[in-house]
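# What the coordinates show
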Amino acid sequence: MNAPLAEDRLQRILDLLSRNGRMRTTALTEALGVSGATTRRDLDLLASRGLIRKLHGGAALASQDQQYTDRQQLHQDAKTRLAQTALNLIQPGQTLYLDAGTTAQAVAHALKRAPQLTRTLRVVTHGIDVAYELNGECPLYVVGGELYGSTYSLTGPDALDTIRRYRYDLFLVGCTSIDPTRGLTNSNLIEAQQKAAIMTQTTRTVLIADHSKWGPTGFATFATLNQIHDWVTDHAGPVARCAFEEAGVTVHDSA
């Protein structure tokens, strides 16, 4: 089997750490089919990007890719406010694509409490918890694929094939970070590719991300700022607000 190319190899490391927790460098080297020196260079690069923590003889994911159940406990009040603000951007009768992740789950929970709107919608998602929240609330389509445990999402080639068959009026999307120069990023390359594919099928894309996402550098870019239409946040600082508004994005503060 041919050794993976550099960026593919980095994503493979992240996937292995996501599934197995911390791993020894020797185990990663064997799984990748490369030299130990190559693995150590890759780990140094991922650590410099803030995506992993180097341990004695191995590595583990950094906190930005922490377990889903842990992330559910973070910024709960802010996520509730973001979700409620996002509902104001949804029009009755739309086909809505709702992202995976804890913020998307908060939106799904808010939709569940607004049946007069939700029952008019057609919702598509690759998020397992999102689907669980909205089961029985509206026409619901779940994209299939391989389970990515850190976000309870279904990803991969099967998911991309399904996504590209349909058109969406509105995409509510989250991100790992908002880089002022690189744009919207995700810690997982496969999920980044999936978000980018959904955007090509969508009339309007709304980013839902709190102020803590501004500034850090993520692994994989899936959109530039001018590719989205709205940003729903808890508090847009002056620098962030200016960057988005210069890109033609409408900023909605939920605070």
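Residues numbered from 1 in each chain as written. Predicted model: local features only at pLDDT ≥ 70, side-chain atom pairs only at ≥ 80, totals over all residues. Heavy atoms only, no water.

In the annotation of an unreviewed UniProt entry, the protein chain is listed under the name DeoR family transcriptional regulator and assigned to Deinococcus grandis.

## Examining helix α2 (residues 25–32)
Among the residues of α2, those classed as buried are T25, L28, T29 and L32. Each buried residue of α2 sits inside an arc of 100° when the element is viewed along its axis, so together they form one side. Exposed residues lying more than 90 degrees from the buried face of α2 are T26 and E30. Positive backbone phi, at 70°, marks G33, one or two positions downstream of α2. (Buried < 20%, exposed > 50% of the residue type's maximum accessible area, 1.4 Å probe, protein only. Helix = DSSP H or I, 4+ residues; strand = E, 2+ residues; numbered from the N terminus. Arc of directions from axis to C-beta.)

## Here's the deal with the packing of aromatic side chains
This structure, assessed with the given rule, holds 4 aromatic pairs. Here Y97 and Y168 contribute two aromatic rings whose centre-to-centre distance is 5.1 Å and whose plane-to-plane angle is 80°, an arrangement assigned as edge-to-face. Of this pair, Y97 sits in strand β4 (residues 95–98) while Y168 sits in strand β9 (residues 168–173), and the two are 71 residues apart along the sequence. Across this residue pair, the class does not change: Y97 and Y168 are buried. Between W214 and F244, the ring centres sit 6.2 Å apart and the planes meet at 50°, which makes this aromatic pair tilted. Here the residue W214 occupies a position in the loop between β12 (202–208) and β13 (220–223), and F244 occupies one in helix α11 (residues 238–246), the gap between them amounting to 30 residues. Chaining the aromatic ring pairs together yields one cluster made of Y97, Y168 and F171. (Phe/Tyr/Trp six-rings, centres within 6.5 Å; stacked < 30°, edge-to-face > 60°.)

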